[in-house]
Amino acid sequence: MPRIQFSLPEQFVFATDIQIYISHVNQGGHLDNAQLLTLVSEARVRFFKSLGYIEGDVAGYPIVVGDMVAQYKSEGFHGETMRVSMVPQDYNPYGFDLVYRMECLDTGREVARGKIGIVFVDRASRKVAKVPQAFVARVSALAAG
């Protein structure tokens, strides 16, 4: 299987710091792959919160994760603080990719990068919904600011 490769954007609109706890570390002594998803999910929740939303109500619509990609660049270790930077990209009619980079705050070492496919859902029909323009406007204001 070919390796996943993709480039990062030049600019991110959001960043949050998250410490690696002992429960995030596997028997190999480094950040567990399943726990990477947990840390990135926490950062995703914080991203939406920074915009004034909860995931169950983003400009009137709940969101779901359609897919997720991770590419490891180095190990993360217990006690290190990770900075997770994010930016929405590649909008389609029903969602976008939330691109992320995770790097060690102390060393600047990149630990992982990836993207999360976000999809908006109509609460009543439980079918995909169009990306709300109010959400796009808030993200655009972040990028311009």
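Residues numbered from 1 in each chain as written. Predicted model: local features only at pLDDT ≥ 70, side-chain atom pairs only at ≥ 80, totals over all residues. Heavy atoms only, no water.

Participant: Explain the packing of aromatic side chains here, please?
Facilitator: For any pair of aromatic rings, the description consists of the separation of the ring centres together with the inter-plane angle of the planes. A full pass over the atoms with the stated rule returns 8 aromatic pairs. Note on Phe-96 and Phe-120: the rings are 6.2 Å apart at their centroids and 45° apart in plane angle, and the pair reads as tilted. One end of the pair, Phe-96, is in strand E4 (residues 95-104); the other, Phe-120, is in strand E5 (residues 110-120), with 24 residues separating them in the sequence. Accessibility classification places Phe-96 together with Phe-120 in one group, the buried group. Grouped by ring-pair contacts, the aromatic residues Phe-14, Phe-47, Phe-48, Tyr-53, Tyr-91, Phe-96, Phe-120 and Phe-135 constitute a single cluster. (Phe/Tyr/Trp six-rings, centres within 6.5 Å; stacked < 30°, edge-to-face > 60°. Helix = DSSP H or I, 4+ residues; strand = E, 2+ residues; numbered from the N terminus. Buried < 20%, exposed > 50% of the residue type's maximum accessible area, 1.4 Å probe, protein only.)

Participant: Just checking my understanding: could you explain the sheet that holds strand E3 (residues 81-92) for this structure?
Facilitator: Whenever strands of a sheet pair, they do so through backbone hydrogen bonds, lying parallel or antiparallel. One open sheet holds the 5 strands; their spatial order is E1-E3-E4-E5-E2, and the pairing between them is antiparallel. At either end of the open sheet lies a strand with only one pairing partner, and these are strand E1 (14-19) and strand E2 (63-72). Averaged over all neighbouring strand pairs, the angle between strand axes comes to 25°, with direction disregarded. In this structure, E1 lies alongside E3, joined through 6 bridges in antiparallel fashion. (Pairing = 2+ DSSP bridges. Axes fitted to C-alpha atoms, helices over the stretch in contact; angles between N-to-C directions.)

Worth remembering: the numbers are spatial, not functional.
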